[in-house]
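Remarks on the overall topology
Below, each chain spelled out in residue letters.
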Amino acid sequence: MFMHNKKLMYTVRVSEPNPVLASLMLEQFGGPQGELAAAMRYFTQGLADEDPGRKDMLIDIATEELSHLEVIGSIVAMLTKGAKGKLAEGAEATADLYANITQGNGSHTLSLLYGGGPALVNSAGQLWTGGYIDSIGEPTADLRSNVAAEARAKIIYERLINVTDDPGVKDALGFLMTREIAHQKSFEKALYAIDNNFPPGKLPGKPEYTDKYYNMSQGEGDMRGPWNQGAQWEFVDVKMGDAPVNGGDGNPTVKLAASELAAVNAVAARTMSKPDADPLTGADLGAGPGAGKTKTTTKG
């Protein structure tokens, strides 16, 4: 059951309308790192989680993310309020109104298409999609993904803070950014409250491969660090022509029934290319400057 409190979670004070800034703010309203995506990610995870503690945490944070969505949506609406009224009532000369709503980015789309209201799109106008939700139903994987999602959202808030000089907007964005930090802490604590949380899932890795680091991009710039050296790692230089790591000749094989093999061979024979053929093609006939060497034909 949800109930709505008409007061915002955080008091927002916008100094003046700014349609361009409003269109940028949509990134955190309907974008992949935005508040709706976060709310849906944690809400659906919480519904399916069998652990009562994690379920409670996920639903709490999902609900808070909805309140953040309301804060961002309110900022967008206030930043477009002046343009919204002028556009609806034709309160300015055409040229002035046009200039007002086309200051940059997607501000004209926000004003014309959505009437200045917050829309479920990102700052480039891309519609929100459930494809932003990457939950997989395994807590040790989902919690790691949640930590990364909160980290990405924090970075977007930092960038938004850097593009506005409105003190009230900066203050509200600073609050939202800080809550991303708090959520990261909660998710990490919940992750490490699970015994044997690494590797994710139930099955262990194959021991002959879990501690190997394959150096497969070689040349200037090769680096060693804790990600590929130390007691935990066996560093393997992969050379051109090396045998596959599990032996064999590296060629894929599949066992086919006699009828399947006959059909495959028939297809191969029917579609076989002729390496010694050099047919005259449409490309040769229509070749123009810059096409390279083509056959020449003599018109009779």
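Residues numbered from 1 in each chain as written. Predicted model: local features only at pLDDT ≥ 70, side-chain atom pairs only at ≥ 80, totals over all residues. Heavy atoms only, no water.

Going by an unreviewed UniProt entry, the protein carries the name Manganese catalase family protein and comes from Azospirillum lipoferum. Looking at the Sequence similarities (unreviewed entry) heading of the UniProt record, one finds this comment for the protein: "Belongs to the manganese catalase family." (UniProt positions renumbered as here; feature names shortened; annotations may be inferred.)

Section: the UniProt feature "binding site: Mn(2+)" (unreviewed entry) in the protein
Following the UniProt record, one finds the feature "binding site: Mn(2+)" (unreviewed entry) at Glu35, Glu65, His68, Glu150 and His183. Spanning 149 residues, the annotated positions come together in the fold, the maximum distance between their C-alpha atoms being 13.0 Å. With respect to the secondary-structure elements, glutamate 150 resides in helix H8 (residues 139-162). Not counting the four nearest positions on each side in its chain, glutamate 150 is found in contact with Tyr42, Glu65, Arg179, Glu180, His183, Gln184 and Phe187. Along the polypeptide, histidine 183 turns up in helix H9 (residues 167-192). Apart from residues no more than four positions distant in its own chain, histidine 183 is found in contact with Ile61, Glu64, Glu65, His68 and Glu150. Within the local environment of histidine 183, its side chain forms a polar contact with the side chain of glutamate 150, the two groups lying 3.4 Å apart. (Helix = DSSP H or I, 4+ residues; strand = E, 2+ residues; numbered from the N terminus. Contact = heavy atoms within 4.5 Å. Polar contact = N/O pair within 3.5 Å; in protein donor to acceptor, adjacent residues only side chain to side chain.)

Focus: the nonpolar core
Of all hydrophobic cores here, the largest spans 25 residues; its most connected members are Met25, Ile72, Ile75, Tyr157, Leu173 and Leu176. Only helix H1 (19-25), helix H4 (52-79), H8 and H9 provide two or more residues apiece to this core. With residues near it in sequence (within four places) discarded, isoleucine 72 still touches Met25, Gln28, Phe29, Tyr157, Leu173 and Leu176. Counting residues in each nonpolar core, the second largest holds 13 residues, with Ala38, Leu58, Leu143 and Phe187 among its members. (Core = buried A, V, L, I, M, F, W, Y, C linked by side-chain atoms within 4.5 Å. Buried < 20%, exposed > 50% of the residue type's maximum accessible area, 1.4 Å probe, protein only.)

Quick notes on the packing of aromatic side chains
According to the stated counting rule, one finds 6 aromatic pairs in the structure shown. Centroid distance tyrosine 10 to phenylalanine 175: 4.3 Å. Interplanar angle 10 degrees. Geometry classified as stacked. Taken together, the residues tyrosine 10 in the segment before H1 and phenylalanine 175 in helix H9 connect sequence positions 165 residues apart. A residue is classified by how much of its surface remains accessible, and phenylalanine 175, at 18% relative accessible area, is buried. Summarising the aromatic geometry, the rings of tryptophan 128 and tyrosine 132 are spaced 6.1 Å apart at their centres and angled 85 degrees between planes, so their arrangement reads as edge-to-face. Residue classification places tryptophan 128 among the partly exposed residues on the basis of a relative accessible area of 24%. Taken together, the ring pairs connect Tyr213, Trp233 and Phe235 into an aromatic cluster. The side chain of arginine 224 reaches across the aromatic face of phenylalanine 235, ending 3.6 Å from its centre. (Phe/Tyr/Trp six-rings, centres within 6.5 Å; stacked < 30°, edge-to-face > 60°. Lys NZ or Arg CZ within 6 Å of the ring centre and 35° of its normal.)

Notes on unusual backbone geometry
Omega for the peptide link from phenylalanine 198 to proline 199 comes to 0 degrees, which places this bond in the cis form. A positive phi angle is found at asparagine 196, which is not glycine, with a value near 50 degrees. Note on placement: asparagine 196 falls in the loop between H9 and helix H10 (207-210).

Comments concerning the UniProt feature "binding site: Ca(2+)" (unreviewed entry) in the protein
Those residues carrying the UniProt feature "binding site: Ca(2+)" (unreviewed entry) are Asp56, Asp60, Asn215, Ser217 and Gly219 in this numbering. Judged by its relative accessible area of 48%, aspartate 56 falls in the partly exposed class. Its location among the elements puts aspartate 60 in helix H4.

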